[in-house]
Amino acid sequence: MAEKARWYVVHTYSGYEKKVQADIMKTIEHRNMQDQILEVMIPLQTVTEEKNGEMKQSEKKMFPAYVLIHMVMNEQTWYVVRNTRGVTGFVGPGSKAVPLSDEEVASLVKLSETEATPFSLGDKVVITSGVWADREGVISEVHPANQMAIVVIDMFGRGTPVEIELTEIKKLA
């Protein structure tokens, strides 16, 4: 294997990401191409949000309608991926697939990793800086990858959600 495996982005029909992933994995197995197509990934991010009064964690697609593939690009692998049902094409100019740079791959990995945060849904917090400084509120959503939280503060007698950076809030005892 002379060429190095690189990451490529494939565009799919919306909602077909898992089907495309499964079909490519089956094809790899049937054609014994494990050394050419190494990984098929749907970038997901864990998000905590309130549903029906309950806080729940769910995984959301970071890039709906896109799948990442770690593979050695050659005619055979291009054909297998391009002719998978649900795939509309590789991302790149015309029909030329352009690999992701190492920096782009590293930033995608960092984005998809859910970082531990000291804040949880329902925590009472005080905003320490910015426009809403010294206001108290309750966390209704936490987005660790973005380092953001939705805090519901009392404004004019109503609960108003505001987006605040995690570095700008402090948990109340």
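Residues numbered from 1 in each chain as written. Predicted model: local features only at pLDDT ≥ 70, side-chain atom pairs only at ≥ 80, totals over all residues. Heavy atoms only, no water.

Quick look at the packing of aromatic side chains
At step 1: Under the criterion given, the structure shown has 2 aromatic pairs.
At step 2: When the ring of tyrosine 8 is compared with that of phenylalanine 90, the centres are 6.2 Å apart and the planes differ by 80 degrees; the resulting orientation is edge-to-face. Residue tyrosine 8 is found in strand β1 (residues 6–12), and its partner phenylalanine 90 is found in strand β6 (residues 87–90); the two are separated by 82 residues along the sequence. Judged on exposure class, the residue tyrosine 8 and its partner phenylalanine 90 are both buried.
At step 3: Relative to tyrosine 16, the ring of tyrosine 13 lies with its centre 5.7 Å away and its plane at 70 degrees, an arrangement referred to as edge-to-face.
At step 4: Residue classification places tyrosine 16 among the partly exposed residues on the basis of a relative accessible area of 35%. (Phe/Tyr/Trp six-rings, centres within 6.5 Å; stacked < 30°, edge-to-face > 60°. Helix = DSSP H or I, 4+ residues; strand = E, 2+ residues; numbered from the N terminus. Buried < 20%, exposed > 50% of the residue type's maximum accessible area, 1.4 Å probe, protein only.)

Section: the confidence of the model for the protein chain
At step 1: Scored by pLDDT, the protein chain has a mean of 86; 88% of the residues are at 70 or more.
At step 2: For the protein chain, strand β3 (residues 44–51) is the element with the lowest average pLDDT, namely 69, and helix α1 (residues 17–31) is the one with the highest, namely 95. (pLDDT = per-residue confidence, 0-100.)

Re the sheet that holds strand β5 (residues 66–71)
At step 1: If you walk across this open sheet you meet the 4 strands as β2-β5-β1-β6, and the pairing is antiparallel. Only two strands of the sheet have a single partner each, and these edge strands are β2 (37–41) and β6. Between one strand and the next, the sheet's axes are offset by a mean angle of 30 degrees, whatever the strand orientation.
At step 2: Where β1 lies against β6, 3 bridges are found, and the strand directions are antiparallel. (Pairing = 2+ DSSP bridges. Axes fitted to C-alpha atoms, helices over the stretch in contact; angles between N-to-C directions.)

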